[in-house]
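# Architecture at a glance
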Amino acid sequence: MSVFSGFPKDTLKFLDELAENNAREWFAIHKDRYESSFLAPSLALIESLRKPLDKVAPILRVEAKKMGGSLMRIYKDTRFSKDKTPYKTNIGIQFRHQAGKDIHAPGIYIHLANDECFVGAGMWKPASEPLASIRNKIVESPKDWRRTRDNKRFASFFTLYDDRLKSAPRGYAKDHPEIEDLRLRSFIGAAPLTRGQVQSVQLVDLIVERVRAAAPLMTFLCEALELPY
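Below you will find a few notes about this structure. (Residues numbered from 1 in each chain as written. Predicted model: local features only at pLDDT ≥ 70, side-chain atom pairs only at ≥ 80, totals over all residues. Heavy atoms only, no water.)

## A word on the overall build of the protein chain
Rules: Secondary structure is summarised from DSSP: a helix means a run of H or I of at least four residues, a strand means a run of E of at least two, and numbering begins at the N terminus for each. The reference for a compact globule is 2.2 Å times residues^0.38; the radius of gyration itself is calculated from the C-alpha atoms. Accessible area is worked out with a 1.4 Å probe on protein chains only. A residue is then buried under 20% of its type maximum, exposed over 50%, and partly exposed in between. Any two residues whose heavy atoms approach within 4.5 Å are treated as being in contact.
When helices and strands are counted, the protein chain shows 10 helices and five strands. Against the 2.2 N^0.38 benchmark of 17 Å for 229 residues, the protein chain shows a C-alpha radius of gyration of 19 Å, consistent with a compact globule. Considering only C-alpha atoms, the protein chain reaches an extent of 60 × 40 × 30 Å along its principal axes. Split into buried and exposed, the 229 residues of the protein chain put 47% on the buried side. For the protein chain, contacts bridging at least 24 residues in sequence account for 66% of all contacts bridging at least 6.

What follows is the structure, encoded as structure tokens:
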């Protein structure tokens, strides 16, 4: 596997053109670009992150494999979707919690697309049971939650995704002091990446820095779910 030296300039161009030509015939003609601009640098990035993240967040799974690892498939599952276009138009890399095979757990997600690139940390739309556990943790430990949410290092990189219910969730008073955050349906922060950062060899260090900064949120969520971090 090659050493990561930044995503080539063609990566985002390839994804943009794929969005305009999302068909198997076009993809077959440009399969070499998929290999060189999507697959190879993604796997090189994951492999380059394996040892550094093992020190920063050893509970996360970092697996540089074409199938079944940290790199998400470009091929869409269209069986139950009205949108029958066959390919995703972004690079998705996930570093799942080791408990993630069995339960919904916090993780790290890297999203690269022509219109947006970011590092995500936390949980996207958790199921009702873990969501209830997180909300209960906020109610039981409001000071800990505020310290987590407002942590200077975390806030310098991440913004909590604004995915809230229109009103108070069932079982919580509308005037609860933490009601704004109790209304959250997702507990995930996003740290943007620039095009220049994505194309730089320094992307490995930047991601490690952001994963380290996400530790307060990841720790709070894992504690709420009685998981190690």
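The rest of the description comes next.
## Regarding a negative patch on the surface
As a reminder, the rule being used: Nonpolar side chains (Val, Leu, Ile, Met, Phe, Trp, Tyr) are joined into patches within 5 Å and like charges within 9 Å, using only residues with over 30% relative accessible area and no salt bridge. The method behind every accessible area is Shrake-Rupley, applied with a 1.4 Å probe, and residues are considered shielded solely by the protein chains displayed. Whenever a carboxyl oxygen of Asp or Glu lies within 4 Å of a side-chain nitrogen of Lys or Arg, that contact is scored as a salt bridge. All tallies of charge rest on Lys and Arg as positive and Asp and Glu as negative; His and the ends of each chain are not included. Charged side chains are reduced to one point each, which is NZ for Lys, CZ for Arg, CG for Asp and CD for Glu.
Together, Asp16, Glu20, Asp115 and Glu116 give the surface a local cluster of negative charge. Here aspartate 16 lies in helix α1 (residues 10–20).

## Overview of helix α10 (residues 215–224)
Residues separated by three or four positions in an α-helix point in the same direction, a consequence of the helix having 3.6 residues per turn. All of the buried residues in α10 are Leu217, Met218, Phe220, Leu221, Cys222 and Ala224. Two residues or fewer after α10 comes glutamate 226, characterised by a positive phi angle close to 60 degrees.

## Let's talk about the environment of alanine 190
With respect to the helices, strands and loops of the structure, alanine 190 is situated in strand β5 (residues 187–192). Placed 30 residues apart in sequence, alanine 190 and leucine 160 show a C-alpha to C-alpha distance of 6.5 Å. Once residues within four sequence positions are removed from consideration, alanine 190 is found in contact with Phe118, Val119, Gly120, Phe157, Phe158 and Thr159.

## Some words on the side chain of serine 186
Put simply, the rule reads: Here a polar contact is taken to be a pair of N or O atoms separated by no more than 3.5 Å, where protein atoms must pair a possible hydrogen donor with a possible acceptor and residues adjacent in sequence count only if both atoms sit in side chains.
Assignment of secondary structure puts serine 186 in the loop between α7 (179–182) and β5. Polar side-chain contacts of serine 186 include one of 3.0 Å to the backbone nitrogen of lysine 125.

## Some remarks on the sheet that holds strand β2 (residues 107–112)
Our working definition: Pairing between strands requires that DSSP locate at least two bridges from one strand to the other.
One open sheet accounts for five strands, arranged β1-β2-β3-β5-β4; its pairing is antiparallel. Two strands close off the open sheet at either side, each with one partner strand: β1 (91–96) and β4 (159–160). For β1 and β2, the ladder comprises six bridges, and the chain directions are antiparallel. Pairing of glutamine 94 across the sheet is with tyrosine 109, part of β2.

## As for the packing of aromatic side chains
This is how it is decided: Pairing of aromatic rings covers Phe, Tyr and Trp, the last through its six-membered ring, and needs centres within 6.5 Å; plane angles under 30 degrees mean stacked, over 60 mean edge-to-face, and all others mean tilted.
For the structure on display, the rule yields 12 aromatic pairs. Ring geometry for phenylalanine 27 against tyrosine 34: centres 5.2 Å apart, planes inclined by 50 degrees, an arrangement best described as tilted. Look at phenylalanine 27 and tyrosine 87: their rings are 4.2 Å apart centre to centre, the planes differ by 20 degrees, and that puts the pair in the stacked class. One end of the pair, phenylalanine 27, is in helix α2 (residues 24–29); the other, tyrosine 87, is in the loop between α3 (31–56) and β1, with 60 residues separating them in the sequence. For phenylalanine 27, a relative accessible area of 3% puts it in the buried group. A connected cluster of aromatic rings, assembled from ring pairs, spans Phe27, Tyr34, Phe38, Tyr75 and Tyr87.

## Remarks on the pattern of salt bridges
Scanning the entire structure with this criterion turns up 17 salt bridges. Between aspartate 150 and arginine 149 there is a salt bridge, and its shortest N-O distance comes to 3.0 Å. With relative accessibility at 45%, the residue aspartate 150 sits in the partly exposed group. In this structure, arginine 210 engages glutamate 209 in a salt bridge whose closest nitrogen and oxygen atoms are separated by 3.4 Å. Given the relative accessible area of 6%, arginine 210 is considered buried. Because the salt bridges share partners, they merge into one network encompassing Arg149, Asp150, Asp162, Arg164 and Asp181.

## Quick look at the nonpolar core
Convention followed: Grouping buried Ala, Val, Leu, Ile, Met, Phe, Trp, Tyr and Cys residues that are joined through side-chain atoms within 4.5 Å yields what is termed a nonpolar core.
In this structure, Phe14, Leu45, Leu49 and Phe95 are the most contacted members of the largest nonpolar core, which totals 68 residues. Ranked by the residues each element gives to this core, the list is headed by α3, at nine residues. Look past the residues within four positions of leucine 49 in its chain and what remains in contact with it is Val62, Phe95, Ile110, Val204, Ile207 and Val208.

## Quick notes on the environment of valine 3
Take valine 3: it is sitting in the segment before α1. For valine 3, a relative accessible area of 72% gives the class exposed. Distance from valine 3 to alanine 40, taken between C-alpha atoms, is 9.7 Å for residues 37 residues apart in sequence.

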